[in-house]
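Report on the structure
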Amino acid sequence: QVQLVESGGGLVHPGGSLRLSCAASGSIFSLGTMAWYLQAPTKQRELVASITSRGIINYADSVKGRFTISRDNSKNMVYLEMNSLKPEDTAVYYCNADIITVSGLRRIYWGQGTQVTVSS
């Protein structure tokens, strides 16, 4: 009933930039905290950044000063601006959202991921 769809991934050179987008759709009553996670090959999924419904932001230490998370509540979207990309940023990036549906259920939803590859 609720879906999150990521876009914007791709191949970039070290030092380059990408902007990821995530659109939430469906029977959404309210959007709570939204976040971006990454999962590198053979590793566990890790939090990159989160933003509450009121705009309180948290970043992983590894991306502070390089990545910026933002949201547009009117469009049910969250973004991740990634700058100064490094090869170690290579991973699948997943959108995550704490959502209350119209029927009153509160659940955490995940997108299917978008691949980011940083390589020369």
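Topic: the overall build of the protein
Within the protein one finds zero helices and eleven strands. The N-to-C order of helical and strand elements in the protein reads β-β-β-β-β-β-β-β-β-β-β. If you line up the protein on its principal axes, its C-alpha atoms span 50 × 25 × 25 Å. The burial tally for the protein puts 41% of its 120 residues in the buried class. In the protein, once contacts between residues fewer than 6 apart in sequence are set aside, the share between residues at least 24 apart is 54%. Accessible surface for the protein amounts to roughly 6600 Å². Of this, 48% is attributable to carbon and sulfur atoms. Averaging the positions of the 11 positive and the 8 negative side-chain charges in the protein gives two centres separated by 5 Å.

A short note on the nonpolar core
Counting residues in each nonpolar core, the largest one holds 31 residues, and the members touching the most others are Trp-36, Val-48, Leu-80, Met-82 and Tyr-93. Of all elements in the fold, only β1 (2–7), β3 (18–26), β4 (28–39), β5 (46–51), β7 (67–72), β8 (77–82), β9 (91–101) and β11 (114–118) reach the threshold of two or more residues within this core.

Here we look at the state of the cysteines
Put plainly, two cysteines are in a disulfide when a covalent bond ties their sulfur atoms together. This model, assessed by the stated rule, comprises one disulfide. One disulfide in the model links Cys-22 with Cys-95; its S-S distance is 2.0 Å. Its S-S torsion of approximately -85 degrees makes the covalent link between Cys-22 and Cys-95 left-handed. A residue pair is termed long-range when its members are at least 10 positions apart, and Cys-22 in strand β3 and Cys-95 in strand β9 qualify at 73 residues. The residues Cys-22 and Cys-95 share a single accessibility class, namely buried.

Quick look at the side chain of Thr-114
Structurally, Thr-114 is set in strand β11. A polar contact of 3.2 Å, which involves the side chain of Thr-114, links it to the backbone nitrogen of Gly-9. When neighbours within four sequence positions are excluded, Thr-114 is seen to be in contact with Glu-6, Ser-7, Gly-8, Gly-9, Leu-20, Ala-91, Val-92 and Tyr-93.

Some remarks on the side chain of Glu-6
By the element assignment, Glu-6 lies in strand β1. As a buried residue without a salt bridge, Glu-6 has its nearest oppositely charged side chain in Arg-45, at a separation of 7.4 Å. In terms of polar contacts, Glu-6 uses its side chain to reach the backbone amide nitrogen of Cys-95, at 2.8 Å. Polar side-chain contacts of Glu-6 include one of 3.1 Å to the backbone nitrogen of Gln-112.

Focus: the pairing of β11
Burial of β11 is one-sided: the residues Thr-114, Val-116 and Val-118 facing one way are buried, the residues Gln-115 and Thr-117 facing the other way are not. With three bridges joining them, strand β2 (residues 10–12) and β11 adopt parallel strand pairing. Paired with Leu-11 across the bridge in β11 is Thr-117. The pairing of β9 with β11 spans three bridges and is classified as antiparallel. Paired with Tyr-93 across the two strands is Thr-114, which belongs to β11.

So, how was this worked out
- Residues numbered from 1 in each chain as written.
- Predicted model: local features only at pLDDT ≥ 70, side-chain atom pairs only at ≥ 80, totals over all residues.
- Heavy atoms only, no water.
- Helix = DSSP H or I, 4+ residues; strand = E, 2+ residues; numbered from the N terminus.
- Buried < 20%, exposed > 50% of the residue type's maximum accessible area, 1.4 Å probe, protein only.
- Contact = heavy atoms within 4.5 Å.
- Areas by Shrake-Rupley, 256 points an atom, 1.4 Å probe, with all protein chains shown as cover.
- Lys, Arg positive; Asp, Glu negative; His and termini not counted.
- Charge placed at Lys NZ, Arg CZ, Asp CG, Glu CD.
- Core = buried A, V, L, I, M, F, W, Y, C linked by side-chain atoms within 4.5 Å.
- Disulfide = S-S within 2.5 Å.
- Polar contact = N/O pair within 3.5 Å; in protein donor to acceptor, adjacent residues only side chain to side chain.
- Salt bridge = Lys/Arg side-chain N within 4 Å of Asp/Glu carboxyl O.
- Pairing = 2+ DSSP bridges.

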